[in-house]
Amino acid sequence: MCGDNCSSSGTASSPAEQDVLTIPDAHCHPTDTPASLPAIPDMRQTSHLTVMSTRSSDFPHVYSLASSSPHKLVPSFGWHPWFSHLLFDDSDPSLIEIWREGEETAHYRKVLRPSPPEEGIVEGLGMPKGLGEAVEEVRAFVERWRREVGTGTGVVLGEVGVDRSFRLPWPKGYRGSGSEDGGGDGKEKALSPYKVSVEHQLAVLRKQFALAGELGLPTSVHGVQAHGALFELFRDLWRGWEVRDLVTDRERDNAHKGPPPFPPRICLHSFSAPPQTLGQYISQPSPSTIYPSTVYYSFSTTINSRNRERTEEVLRMVPRNRVLVESDLHEAGEEMERVLVGAVEEVARVKGWKAEEARRVVRRNWRGWIFGEEQGEGEEEGEEEERRVVKG
């Protein structure tokens, strides 16, 4: 009979090893550091990586990586708010005509603040892409994934969202007025004073949310200093789609014509909103109805440790079946896994859960976000758990 140092397979493990339940990473960017990708198979405490895109140039790299191991890596395709200025509203006839003439200044004057932008930054940014075209590129990669890899492997819209704090870096080789050192390790570009208007970011987000609603895509959402604007957008999109607790899917489908203009399942990544905003999400719109999207809240030590007191207060409020964890790192390997393990340990500490319980909860919730509630509950109903022996 095995003693305390037995693994789940029945073979003895050394005292320096432990048998653990693996953890899914709800949000990461490993394709930003291609040299780190060979380390992914050695990430033994990680069950899945949800791999984000930020713009169309990422899509082929994310697709290629995820298709190499589709049952461990979940691809995400979408336009991050940091790159939303590179998209123009191609539903505006006047902008269409300007775009055809190769004159991009009108677009950047419309979406950048302060306006008008300096000529140097406009030249450096170049011609924007039509928003409709960009959304169709996302659709094409999602449909290709489902066609070539399979519908049961998971695919996400992401990373998308709203960011009030982000400032555009100056184009390479150009420094305009108001230049400022980006700080950090010296590798960051100097930052310009220009931000993308929230109105434009929301317009880009609406289009992407509509695609998620049409294709039934779970969505990873970035929100920085825009928590109120983001919730108001959701509430606007949800209006008229609220459902009774016991409504059936058929009844819901019959109540509206056409697909919903919002994602079915949402992950608010590195959730940093105040408790009041969380209260808006988790409260019901009326005593007899619920919001139509299922919202999850993901936490990382990378971002959320910046305001530890608020994070702990919010985390205590988040329902058990809505907690996720992430690394939000750009390099695969030991550090990504260390940060991920640290996040689930922090969840366990704040929630008062045992380490094993916290891992099981975030695994089940991750499956719920990616595949839907019924799939998410599979493990508690007896689905085989993935365990691995790791160094203690």
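Here's a quick rundown of the structure. (Residues numbered from 1 in each chain as written. Predicted model: local features only at pLDDT ≥ 70, side-chain atom pairs only at ≥ 80, totals over all residues. Heavy atoms only, no water.)

**Things to note about the pairing of strand β10 (residues 219-224)**
Definition in use: Here's how the labels work: a residue is buried when its accessible area is under 20% of the maximum for its type, exposed when over 50%, partly exposed in between, all with a 1.4 Å probe on protein chains only. By definition, any uninterrupted DSSP run of H or I lasting at least four residues is a helix, any uninterrupted run of E lasting at least two residues is a strand, and each is numbered from the N terminus. A pair of strands is labelled paired if DSSP reports no fewer than 2 bridges between them.
Counting buried residues along β10, 5 of its 6 residues qualify, which places the element largely inside the surrounding structure. Here strand β8 (residues 156-163) pairs with β10 via 5 bridges, running parallel. Bridge pairing in β10 links Gly 161 to His 222. Both β10 and strand β12 (residues 265-268) contribute to a ladder of 3 bridges, which runs parallel. In the sheet register, Ser 220 faces β12, and the bridge partner there is Cys 267.

**A word on the environment of Trp 145**
Rules: It only takes one pair of heavy atoms within 4.5 Å for two residues to be counted as in contact. Polar contact is defined as a pair of N or O atoms within 3.5 Å, subject to the rule that within protein one atom must be able to donate a hydrogen and the other to accept it, and that residues adjacent in sequence are counted only when both atoms are side-chain atoms.
With respect to the helices and strands, the residue Trp 145 is situated in helix α5 (residues 131-148). A relative accessible area of 0% places Trp 145 in the buried class. Distance in space between the C-alpha atoms of Trp 145 and Pro 75 is 8.7 Å, their sequence separation being 70 residues. Setting aside residues no more than four positions away along its own chain, Trp 145 makes contact with Tyr 63, Ala 66, Ser 67, Pro 70, Leu 73, Pro 75, Gly 150, Thr 153, Gly 154 and Val 155. For Trp 145, the side chain forms a polar contact with the side chain of Thr 153, separated by 2.9 Å.

**With respect to the environment of Gly 240**
Mapped onto the secondary structure, Gly 240 falls in the loop between α7 (227-238) and β11 (243-244). Note on Gly 240: relative accessible area 45%, which makes it partly exposed. Expressed as a C-alpha distance, the spacing of Gly 240 and Tyr 291, which sit 51 residues apart in the sequence, is 9.8 Å.

**Things to note about unusual backbone geometry**
At the junction of Arg 113 and Pro 114, the peptide bond is cis and its omega measures out at 0° in the coordinates. With respect to the helices and strands, Pro 114 occurs in the loop between β6 (112-113) and α4 (119-125). Here the residue pair Ser 115 and Pro 116 is connected by a cis peptide bond, since its omega of 5° sits within 30 degrees of zero. Within the element layout of this structure, Pro 116 appears in the loop between β6 and α4. The residue Gln 225 is not glycine, and still its phi comes out positive at about 50°. Residue position: Gln 225 is located in the loop between β10 and α7. Positioned with a positive phi, Asp 328 is a non-glycine residue whose angle comes to about 55°. Tracing the chain through its elements places Asp 328 in the loop between β15 (323-325) and α12 (334-351).

**Describing the pairing of strand β14 (residues 294-299)**
Successive side chains on a regular strand alternate, one facing one side of the sheet and the next facing the other. Summarising burial for β14: 6 of the 6 residues are buried, a large majority. Judged from the 4 bridges that link them, β12 and β14 form a sheet pairing that is parallel. Bridge assignment links Leu 268 to a residue of β14, and that residue is Tyr 297. Inspection of the sheet shows β14 paired to β15 by 3 bridges, in the parallel sense. Paired with Ser 298 across the bridge in β15 is Leu 324.

**Quick notes on the nonpolar core**
Formally: Only buried residues count toward a nonpolar core, which is a set of Ala, Val, Leu, Ile, Met, Phe, Trp, Tyr and Cys residues joined through side-chain atoms within 4.5 Å.
Phe 77, Phe 234, Trp 238, Leu 268, Tyr 281 and Tyr 297 are the most contacted members of the largest nonpolar core, which totals 76 residues. The biggest single contributor to this core is α12, with 9 residues. With near-sequence residues (within four places) excluded, Leu 268 lies in contact with Val 221, Leu 230, Phe 234, Tyr 281, Val 295, Tyr 296, Tyr 297 and Ser 298.

**Here's the deal with the sheet that holds strand β4 (residues 73-77)**
Stated formally: What counts as an axis is a line fitted to C-alpha atoms, over the stretch in contact for a helix, and the angles between N-to-C directions run from 0 to 180 degrees.
Across the sheet, 8 strands lie side by side as β2-β3-β4-β8-β10-β12-β14-β15; this open sheet has parallel pairing. Each edge of the sheet is formed by a strand with only one pairing partner; in this case those strands are β2 (23-28) and β15. In this sheet, adjacent strand axes meet at a mean angle of 30° when their direction is disregarded. Running at roughly 140° to β10, α7 makes contact with β8, β10, β12 and β14 of the sheet.

**Some details on the packing of helix α6 (residues 198-215) against α7**
Pairs of packed helices are described in terms of their axes, by the angle between the two and the distance that separates them. Heads up, the rule is: An angle below 35 degrees is treated as roughly parallel, one above 145 as roughly antiparallel, one from 65 to 115 as roughly perpendicular, and anything else as oblique. Note: crossing handedness is left-handed where the near helix turns anticlockwise from the far helix by less than a right angle, and right-handed where it turns clockwise. Three classes are used: nonpolar for Ala, Val, Leu, Ile, Met, Phe, Trp, Tyr, Cys and Pro, charged for Asp, Glu, Lys and Arg, and polar for all others, with Gly counted as polar.
Between α6 and α7, the shortest axis-to-axis distance is 12 Å and the interhelical angle comes to 45°. Taken together, the axes of α6 and α7 are oblique relative to one another. With respect to the hand of their crossing, α6 and α7 are arranged in right-handed fashion. On the side of α6, the interface is formed by Leu 202, Leu 205, Arg 206 and Phe 209, while α7 contributes Ala 229, Leu 230, Leu 233, Phe 234, Asp 236 and Leu 237. Its residues placed into classes, the contact of α6 with α7 shows 8 nonpolar, no polar and 2 charged.

**A closer look at α12**
The condition is simple: Multiplying 1.5 Å by the residue count of a helix minus one yields the expected span of that helix.
With 18 residues, α12 should cover 26 Å at 1.5 Å per step; its first-to-last C-alpha distance of 26 Å lies within 8% of that length. What α12 keeps buried is the set Met 336, Glu 337, Val 339, Leu 340, Val 341, Ala 343, Val 344, Val 347, Ala 348, Val 350 and Lys 351. A positive backbone phi angle near 75° is found at Gly 352, which sits one or two residues after α12.

**A look at the pattern of salt bridges**
Just so we agree on the cut-off: By definition here, a salt bridge exists when the distance from a side-chain nitrogen of Lys or Arg to a carboxyl oxygen of Asp or Glu is within 4 Å.
All told, the structure shown has 15 salt bridges when counted by the stated rule. Here Arg 239 makes a salt bridge to Asp 236, at a shortest N to O gap of 3.1 Å. The structure contains a network of salt bridges with shared partners spanning Glu 136, Arg 139, Glu 143 and Glu 214.

**Observations concerning the packing of aromatic side chains**
We apply this condition: Aromatic pairs are defined between Phe, Tyr and Trp rings, using the six-membered ring for Trp, whenever the two ring centres lie within 6.5 Å; interplanar angles under 30 degrees are classed as stacked, those over 60 as edge-to-face, and all others as tilted.
Tallying each qualifying case throughout the model produces 17 aromatic pairs. For the ring pair Phe 59 and Phe 77, a centre distance of 5.6 Å and an interplane angle of 80° mean the geometry is edge-to-face. Of this pair, Phe 59 sits in helix α1 (residues 59-67) while Phe 77 is found in strand β4, placing the two residues 18 residues apart along the sequence. A residue is classified by how much of its surface remains accessible, and Phe 77, at 0% relative accessible area, is buried. The interplanar angle of 15° and the centroid separation of 5.3 Å between the aromatic rings of Phe 234 and Trp 238 together place this pair among those described as stacked.

Treat this as a map of the structure, not an account of what it does.
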